[in-house]
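Next come the chains, spelled out residue by residue.
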Amino acid sequence: MPLLLLIRHGENEYVKTGKMAGRLPGVHLNEKGQKQAQTLGDALKDVPIKAIYSSPLERAIETAAPIASARKLQIIQEPDLMDADIGKWQGRSWRVLSLTKVWKIVQHAPSRFRFPEGESFPEIQTRISNVLESIIKKHNKPHDIVAVVFHADPIKLAVSHFLGLPLDNFQRLSCDTGSLTAIHAGDSGANLIKLNQRPPFEFLPKDKKK
């Protein structure tokens, strides 16, 4: 089974200020996020990554860039790795939204929630799992390692998909900015190797050619 490195983008001002960026254009990494991206690039420079895929949003591309540069890889932008379509919630404060009645549904029964004029959590999970399954089919050699840079909830929903966890439990998982989650996945099943890890990554194999 190939090894998927599911990487969350680095910190940006929307994360720092508690606002929901969603798919807003022009959300870039802040200084801390840029350092997180470079740290990831340095930590993965000797890991034999075969390909790197990314959400087309700026914060993901900027996180993928140092990793791709270190391995001399081209970033493959995949629209279906985009963050959740949160509709009218885009740009709003987490703190304000947490005071609404529907917030409890988001946290405890997300399978029943749809963002106003946006996606439902089951739709997000299906979109993400489909694109990751497609990536697995393209890189199906046992020792292939593929980096995928995208967003927190989609990463947690992907882990839930591969491990067969109920969607309503996905909020119990953690996914910090600049973190890496490693999972072996293939036709015969999946195995979570690491969750929400920060560099260094001693558990990853090194390129013998270097």
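Residues numbered from 1 in each chain as written. Predicted model: local features only at pLDDT ≥ 70, side-chain atom pairs only at ≥ 80, totals over all residues. Heavy atoms only, no water.

1. Description of unusual backbone geometry
Phase 1: Residue Pro200 follows Pro199 across a cis peptide bond; omega there is 5 degrees.
Phase 2: Considering the arrangement of structural elements, one finds Pro200 in the segment after β6 (189–197).
Phase 3: Not every positive phi belongs to a glycine, and Lys72 is a case in point at roughly 55 degrees.
Phase 4: Here Lys72 shows up in the loop between α3 (58–71) and β3 (75–77).
Phase 5: Phi at Asn196 is positive, roughly 55 degrees, even though this residue is not glycine.
Phase 6: Here Asn196 shows up in strand β6. (Helix = DSSP H or I, 4+ residues; strand = E, 2+ residues; numbered from the N terminus.)

2. Let's talk about the pairing of strand β4 (residues 145–150)
Phase 1: Of all six residues that make up β4, six are buried, and the element is covered over most of its length.
Phase 2: The alternating pattern of β4 places Ile145, Ala147 and Val149 and Val146, Val148 and Phe150 on opposite faces, both of which are buried.
Phase 3: Two elements, strand β1 (residues 3–8) and β4, share six bridges in a ladder whose sense is parallel. Across the sheet, the residue bridging to Ile7 is Val149, located in β4.
Phase 4: Here strand β2 (residues 49–54) pairs with β4 via five bridges, running parallel. Within β4, the position partnered with Tyr53 by the bridge is Val148. (Buried < 20%, exposed > 50% of the residue type's maximum accessible area, 1.4 Å probe, protein only. Pairing = 2+ DSSP bridges.)

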